[in-house]
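What follows is each chain in one-letter form.
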Amino acid sequence: MQKGNIGVTTENIFPVIKKFLYSDHEIFLRELVSNAVDATQKLKTLVSMGEYQGELGDLTIHVNLDKDTLTVSDRGLGLTAEEIDKYINQIAFSGANDFLEKYKNDANAIIGHFGLGFYSAFMVAKKVEIITKSCKEGAQAVKWTCDGSPEFTIEDCDKADRGTDIILYIDDDCKEFLEEARISSLLKKYCSFLPIPIAFGKKKEWKDGKQVDTEEDNIINDTCPLWTRKPSELKDEDYKKFYRELYPMADEPLFWIHLNVDYPFHLTGILYFPKVKSNIELNRNKIQLYCNQVYVTDSVEGIVPDFLTLLHGVLDSPDIPLNVSRSYLQSDSNVKKISTYITKKVSDRLQSIFKNDRKQFEEKWNDLKIFINYGMLTQEDFYDRAKDFALFTDTDGKYYTFDEYKTLIKDNQTDKDNTLIYLYANHKDEQYSYIEAAKNKGYNVLLMNGQLDIAVVSMLEQKFEKVRFTRVDSDIIDRLIVKEDHKEQVLEVQEEEALSLMFRSQLPQMDKTDFHVSTQAMGENAMPVMITQSEYMRRMKEMANIQAGMSFYGEMPDMFNLVLNADHKLVKDVLADETKVCSAQTNPIQQEIDEATQRSNELRKNQTGKKDEEIPTSEKDELNTLDKKIEDLKKQKEAIYSDYASKNPVIKQLIDLALLQNGMLKGEALNNFVKRSIELIQ
Ligand code: ADP
């Protein structure tokens, strides 16, 4: 028997392994099983090169649990005593302390950095044995033992068969790794697609109401997963079946892409476009990353562009530096190339479906949309490709590409400043009347009701030239797309003021909501009263909800316009009746206001150009008195209008109808409206 110290420059590697690798202890199993797979693959290579003449036989790798031990056995190429010395005993371990300090939470990084795969066994074992017999002719079987100190022993032993058994004497505080269920789930997680069969215990069957072992090995992996096979040999059903295996709970995927690259990096995989549920976040990180069929992780940020983390499926590449920490990934040039490649593949695939089967593309657009929009918003190169197949949907359910849509609306929706106006609604029912009004004008209205559409609208306004998006309810129809300058006013200033004051006085008080009342000639067939909301303010508020740093807008009240239709009979009637009832009172007040205003204007005119001290105090006093008088008179007038308006049920009714049409009439106000309506029809 030979004794020795493991060749590490640092005092003792084992406490380090235990102490620093707090998390991820479970990956020891992945490391050991993949070592066994490597040893088996290498043997197969030797056979194919004619360098090994013996029988390969059954190459199944066995994982076995005993009372205190976990064993991984392979029939791979095994190790000689010299090889153990070379590959196991000598570990390059310089600069270890700094590195360990930096990556103490990242077992992957440490294992990768030091080539410590095998030593990860000491994360869970107090003692490890290697019993191995090399495939070399006449090789002597050897047993290596190490109890977690730098000391090891190596001695000859008996082993009938070629290959290696790694025996872990599991630590007392790691007993979970002796549980069948735990190991079973770890094997499922990390080893499901390894290329050599892996047996864990025996297949079970039901006998006399109990599960009992059969003779047959329980193989836990699929050695030939779908992504390693030729696309030409596969049917749609195969892809769907594989998807179900990966995500048993998910809906059927929309499309998939089979990736297969050899140059300038190696990458295989299958990416699925899932049906994205409304909440994007829940759908992230479903892609599984493999390195030569060994599962590594399901968090692929940094490897694929952000929007592609919404995809599902598997990626397998030996070229992605899997054993390094996340922060390495972003700067790795292979990773960047892979990311660009995947983006291109994904857009090519979408492009080809769009081209070859537009009907199918349109049918799936609703599910694809969030994904494509997200890509366009976050990835410039994706926008450049997607702009040719991304679709608009209008309120009639028709689909258009960006170019098609532009052609459609160009003639009728260009305003006097040569800006092309895109009209949109975000709710077909809530904005029904506005949509109808726009359609009656021959306009087309887009439906922008997706989670990301507010942001898409802003993006497209920047990308397209001389274009503005405006929601159908952001103004009265004639002002949505202004084709010629102004229409003449139909009302006198006084009349307008009267209307405005009357209606304003009857608007219900609403929390965080302000109204601006104005009059407009909209034609006698249009609604008597409309409510609109300025595009700019509304959009700022919407952006504030989805974007940090804009809370200023979020705090602002909602600003609405109450627009009275001066052409409508009901509005005219209100005005006529008001004149009849109130003019006896308001006219004299108005006259006084006019006189006072005239006098105050004269005084002001006189004073222009004069210095303050040149103006006599008497004049200043008079002006102050006049201003105050005008204000008082206006208040009196307002009170008269407001008093009148409060007794005119038509005003209230018109306001409420407009609110109702916008879903803004609620609670007590709604109740009052219903009561008043009943009184009116009695
Ligand atoms: P890595 O696999 O990254 O080289 P490890 O520490 O996992 O590092 O293994 C060190 C070496 O030990 C391997 O390169 C291989 O030569 C040898 N080895 C480990 N496990 C086995 C095994 N089951 N059969 C044969 N050789 C093995």
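Everything below is about the structure shown above.
Everything quoted here is computed from the prediction, not taken from an experiment.

A.B. asks: I keep staring at the nonpolar core and nothing clicks. Help me out?
C.D. replies: Among soluble globular proteins, nonpolar side chains are generally buried collectively. Ranked by internal contacts, the top residues of the largest apolar core, which has 61 residues, are Ile342, Val346, Leu350, Phe371 and Ile372. When sequence neighbours within four positions are dropped, the list of residues in contact with Leu350 reads Phe255, Phe273, Phe361, Leu368, Phe371, Ile372, Phe382 and Phe389. Formed by 59 residues, the second largest nonpolar core is a distinct cluster that contains Ile27, Ala36, Phe118 and Val294.

A.B. asks: Explanation requested: the pattern of salt bridges in the structure shown.
C.D. replies: Oppositely charged side chains are able to pair whenever their charged atoms sit close together. If you walk through the whole model with that rule in mind, you get 48 salt bridges. A salt bridge links Lys204 to Asp213, with the shortest nitrogen-to-oxygen separation between them at 3.1 Å. Lys439 is the partner of Asp396 in a salt bridge, and the nearest nitrogen-oxygen pair spans 2.9 Å. One end of the pair, Asp396, is in the loop between strand S15 (391-393) and strand S16 (399-401); the other, Lys439, is in helix H14 (residues 432-440), with 43 residues separating them in the sequence. When its relative accessible area of 47% is taken as the criterion, Asp396 is described as partly exposed. Each of Glu461, Arg471, Asp473, Glu535, Arg538, Arg539 and Glu542 takes part in a single network of salt bridges with overlapping partners.

A.B. asks: When you look at helix H3 (residues 81-89) in this model, what are you seeing that I'm missing?
C.D. replies: Three- or four-residue spacings in an α-helix give side chains the same orientation, since the helix completes a turn every 3.6 residues. Looking only at H3, the buried set comprises Glu83, Ile84, Ile88 and Asn89. End-on, the buried residues of H3 take up no more than an arc of 165 degrees, which puts them together on one face. More than 90 degrees from the buried face of H3, the exposed residues found are Glu82 and Lys86. Looking at the packing, one finds that the buried side of H3 touches strand S4 (125-133), strand S5 (142-146) and strand S6 (151-156).

A.B. asks: Any chance you could explain unusual backbone geometry here in plain terms?
C.D. replies: Note: most residues except glycine have negative phi, and most peptide bonds are trans. Here the bond from Tyr263 into Pro264 is cis, since omega is 0 degrees, no more than 30 degrees from zero. Relative to the assigned elements, Pro264 resides in the loop between strand S10 (255-261) and strand S11 (267-273). Phi is positive for Asp208, which is not a glycine, with a value near 50 degrees. Within the secondary structure, Asp208 sits in the loop between strand S8 (198-207) and strand S9 (210-219).

Calculation criteria
- Residues numbered from 1 in each chain as written.
- Predicted model: local features only at pLDDT ≥ 70, side-chain atom pairs only at ≥ 80, totals over all residues.
- Heavy atoms only, no water.
- Core = buried A, V, L, I, M, F, W, Y, C linked by side-chain atoms within 4.5 Å.
- Buried < 20%, exposed > 50% of the residue type's maximum accessible area, 1.4 Å probe, protein only.
- Contact = heavy atoms within 4.5 Å.
- Salt bridge = Lys/Arg side-chain N within 4 Å of Asp/Glu carboxyl O.
- Helix = DSSP H or I, 4+ residues; strand = E, 2+ residues; numbered from the N terminus.
- Arc of directions from axis to C-beta.

Coordinates in, geometry out; function isn't part of it.
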